[in-house]
Amino acid sequence: MNLQQLRQLQPYLWSLPRASGEQRAEVLLYGTAPLLASMDDKVLEQIANVAALPGLVGAAMTMPDAHWGYGFPIGGVAAFDAEQGGVISAGGVGFDISCGIRCLRSNLDLSDAAAHFTRLADTLFHAIPAGVGEEGELKLNPAQLDQVLQDGAHWAVQHGYGNAADLEYVEEQGRVTGAVPNYVSELAKKRQRGEMGTLGSGNHYLEVQVVERIYDNAAALAFGLHPGQIVISIHCGSRGLGHQIGTDYLLMLAKAASRLGIHLPNRELACAPIKSPEGRQYLGAMNAAINCALANRQILTYLTRSACAQVYPHAELETLFDVSHNTCKVETHEIDGKPRLLHVHRKGATRAFGPGHAMLPERYRAAGQPVVIGGSMGTGSYILAGASGNPAFSSASHGAGRAMSRHQALARWHGRELINELAQQGILIRTRSMRGAAEEAPGAYKDVDLVAEATEQAGLARRVAFLRPKVCVKG
DNA sequence: ATGTAC
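Keep in mind that what you see is a predicted model, and the values were worked out from it rather than measured.

## Quick notes on the overall build of chain A
Alright, step 1. Scanning chain A for helices and strands turns up 16 helices and 19 strands.
Alright, step 2. Once the C-alpha set of chain A is aligned to its principal axes, its extents read approximately 65 × 50 × 45 Å.
Alright, step 3. Taking all 475 residues of chain A together, the buried fraction comes to 63%.
Alright, step 4. Pairs at least 24 apart in sequence give 77% of the contacts found in chain A among residues at least 6 apart.
Alright, step 5. For chain A, the exposed surface amounts to about 17,700 Å²; the carbon and sulfur share of it is 50%.
Alright, step 6. Each charge class in chain A can be summarised by its mean position, and for the 43 positive and 44 negative side chains these summaries are 3 Å apart.

This is the structure:
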């Protein structure tokens, strides 16, 4: 991205000046000059298009890890007011609805766990169904699947996959309201019937990590983290169901936009007013997909505990937090001193409520919401805490963010060689797809350290802990 | 992201 076209407002905040006569809201980009310079120009084009959509409140924004996506950039945040013609967009949520990270803290330390990492890697790889189209043990009938779409992680816990304490530390306590299974197509449901409790592919992973550095002692204490501790992070989403909903509604919302005369700068931005029939239906289907993803990560938590218990009989894994980064959520935010109900699209962006927020579990209320920046398989991840006065509708970065396309990565790396190199660095990778491994080469991602630092400096969240990967099951 | 692609 050419920085000449931007105006630097603060060390970590930039804006895109409007051309004369241009009808769009403000565009704000969070990040450092090097991070922004490494982004594709498409990011700027896409977020400027978002800023032209009806009913946008405040600015259309990108997080420090942004890269270009379908319609909206990944790392994009945009809030809309339903009462002012605000829209909802499937491209603003993403195809992998409610993709997110479940983070589990353990009672294991690197010093005693490391001796069995090879067996742990093999056991997890055997226990966790992963890969495109891969199905799990669970086969649900239509009535059971509808129940999952209503009850989210609660369904999983009721059926023995975890405990009540897990639910307390899942965003929305494990279930969102407003899910309408009837608005989900039969095809979407059919695709999901065998995919509960599966990891998927692409950038999804299950990673065993060690807490290597603590930045904020008080927040680390609240989150139950200390140096040398083993933590497990599960990154996945709503699998075939969410993807099919995205596909179905892209068409429906495009038709609605055309019917209602909404000008779309690009057809990938297909959207409809939140109050229109199509907008309401997408919201109902999307909320069902959020519950599907929350249930999926809950079942994977159970499978992870079972696998760990085979290797470390005394292992205990508690849910630290579970947070989505592909959603549209109805939230109250203060605008010009007045609370307003907004539909906040976060696509590749994490919700990051600051200290004192009423929706946080009591244990974390003083520290702020746990925020996970998931890194690439070779580098590392960060746990942060929501900051007071977050300027981006309580949002923060979600990962390292790609710096290179999958195609470019395939041309540069070979999966097998990469896995051997990582093994020499003490990182054990298990995958069914060598091509996938090459596409996910750490070098194809931005520097996660720079993303986390910029996230903190921009006032989006505060760093709490750095996690180093040790074992990674890739999709 | 995805029973991977107009």
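Further notes follow.
## Considerations on the sheet that holds strand S2 (residues 13-15)
Alright, step 1. Pairing in this open sheet of seven strands is mixed, and the strands run S1-S2-S3-S4-S5-S13-S12 from one edge to the other. The open sheet has two edge strands with one neighbour each: strand S1 (7-10) and strand S12 (326-335). For this sheet, the mean angle separating the axes of adjacent strands, direction not counted, is 25 degrees.
Alright, step 2. Relative to strand S4 (residues 56-67), helix H2 (residues 41-50) is tilted by about 160 degrees, and along the sheet it contacts strand S3 (27-30), S4 and strand S5 (74-80).

## Here we look at the nonpolar core
Alright, step 1. The biggest cluster of nonpolar side chains holds 72 residues, and the ones touching the most others in it are Leu241, Ile245 and Tyr282.
Alright, step 2. Tallying contributions element by element places helix H11 (residues 277-311) first for this core, with 11 residues.
Alright, step 3. If we ignore the near neighbours within four places in the chain, the residues touching Ile245 are Ile97, Val184, Ala188, Tyr282, Ala285 and Ala289.
Alright, step 4. Counting residues in each nonpolar core, the second largest holds 33 residues, with Tyr12, Met63, Ile373 and Ala454 among its members.

About the cut-offs
Residues numbered from 1 in each chain as written. Chains lettered and ligands numbered in written order. Predicted model: local features only at pLDDT ≥ 70, side-chain atom pairs only at ≥ 80, totals over all residues. Heavy atoms only, no water. Helix = DSSP H or I, 4+ residues; strand = E, 2+ residues; numbered from the N terminus. Buried < 20%, exposed > 50% of the residue type's maximum accessible area, 1.4 Å probe, protein only. Contact = heavy atoms within 4.5 Å. Areas by Shrake-Rupley, 256 points an atom, 1.4 Å probe, with all protein chains shown as cover. Lys, Arg positive; Asp, Glu negative; His and termini not counted. Charge placed at Lys NZ, Arg CZ, Asp CG, Glu CD. Pairing = 2+ DSSP bridges. Axes fitted to C-alpha atoms, helices over the stretch in contact; angles between N-to-C directions. Core = buried A, V, L, I, M, F, W, Y, C linked by side-chain atoms within 4.5 Å.

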